[in-house]
Structures are given as structure tokens and as C-alpha cells.
Amino acid sequence: MFEVKNPGKKIKSILEELGTNYEIKVIDAEQCIYRNLQNGFDIEVSGLNNQKQAFKADIYVWDCRNGSRIVDRVQNVTSLNELKEKLEELSVKYS
């Protein structure tokens, strides 16, 4: 059986920087940063629940209106500032 790690210090501090629109949620057995846009679209940020100093995240936008399918993705985000920028762009695009 696969054990899901608890959210670590790194992902918690990133969540704090992103604000109250985001939460930590287990998706596909990984602690991810998650936002429900309240209109059938969700945003998932994966790759940040680790102890590595390097910052490498992938962002997925899910269309959950008829099942669940990925409709947009941004891969290899390498800084907190870039993450904030991309999340803002995607939030506006899918709101």
C-alpha cells in the first residue's frame, strides 16, 4: 500500500504565501496545493511537498464539469514569484 506523506514545511510556507484561496489537498497520493475556482474549474500545483531546496512545480487546470480532464498545464515552474504569476494568469483565464 502507498503511504501519503504529511504536508512538509516547504509546501506549508508556499501555501502561506499564496493566501486563503488555496489549500493543501491530497491528489493522486500526493500533497498538492489546490484551488477550487467555484465554476467547475480547479487548479492543482504538484511537486512541492519535499525537502529539496530546488523549487520545481507543475500546475494543472482541471475541468470538472463533466468528469475530470486537464485543460491547461504549466510545467517546470522554478520560483515562488513565477508560481504566483502563473496562478494569477490561470485564475483570470478560467474564472
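Just so it is clear, the model here is predicted, and its values are computed rather than measured.

> Would you mind going over the sheet that holds strand S3 (residues 41-46) with me for this structure?
Through backbone hydrogen bonds, the strands of a sheet pair up, either in parallel or in antiparallel fashion. The sheet built from five strands is open, its strands ordered S1-S2-S3-S4-S5 with antiparallel pairing. Of all the strands in the sheet, the pair left with one neighbour each is strand S1 (23-27) and strand S5 (69-77). Each strand axis lies, on average, 30° off the axis of its neighbour in the sheet, ignoring direction. Where S1 meets strand S2 (residues 30-36), five bridges bridge the pair, whose relative direction is antiparallel. Residue Val26 lies in a different strand from S2, and its bridge partner there is Gln31. Running at roughly 10° to S2, helix H1 (residues 9-18) makes contact with S1 and S2 of the sheet.

> What is the right way to read the side chain of Asp63 from this model?
Tracing the backbone through its elements, the reader meets Asp63 in strand S4 (residues 57-63). In terms of polar contacts, Asp63 uses its side chain to reach the side chain of Arg65, at 2.8 Å. Setting aside chain neighbours within four positions, we find Asp63 in contact with Gly40, Phe41, Ser68, Arg69 and Val71.

Conventions and cut-offs
- Residues numbered from 1 in each chain as written.
- Predicted model: local features only at pLDDT ≥ 70, side-chain atom pairs only at ≥ 80, totals over all residues.
- Heavy atoms only, no water.
- Pairing = 2+ DSSP bridges.
- Helix = DSSP H or I, 4+ residues; strand = E, 2+ residues; numbered from the N terminus.
- Axes fitted to C-alpha atoms, helices over the stretch in contact; angles between N-to-C directions.
- Contact = heavy atoms within 4.5 Å.
- Polar contact = N/O pair within 3.5 Å; in protein donor to acceptor, adjacent residues only side chain to side chain.

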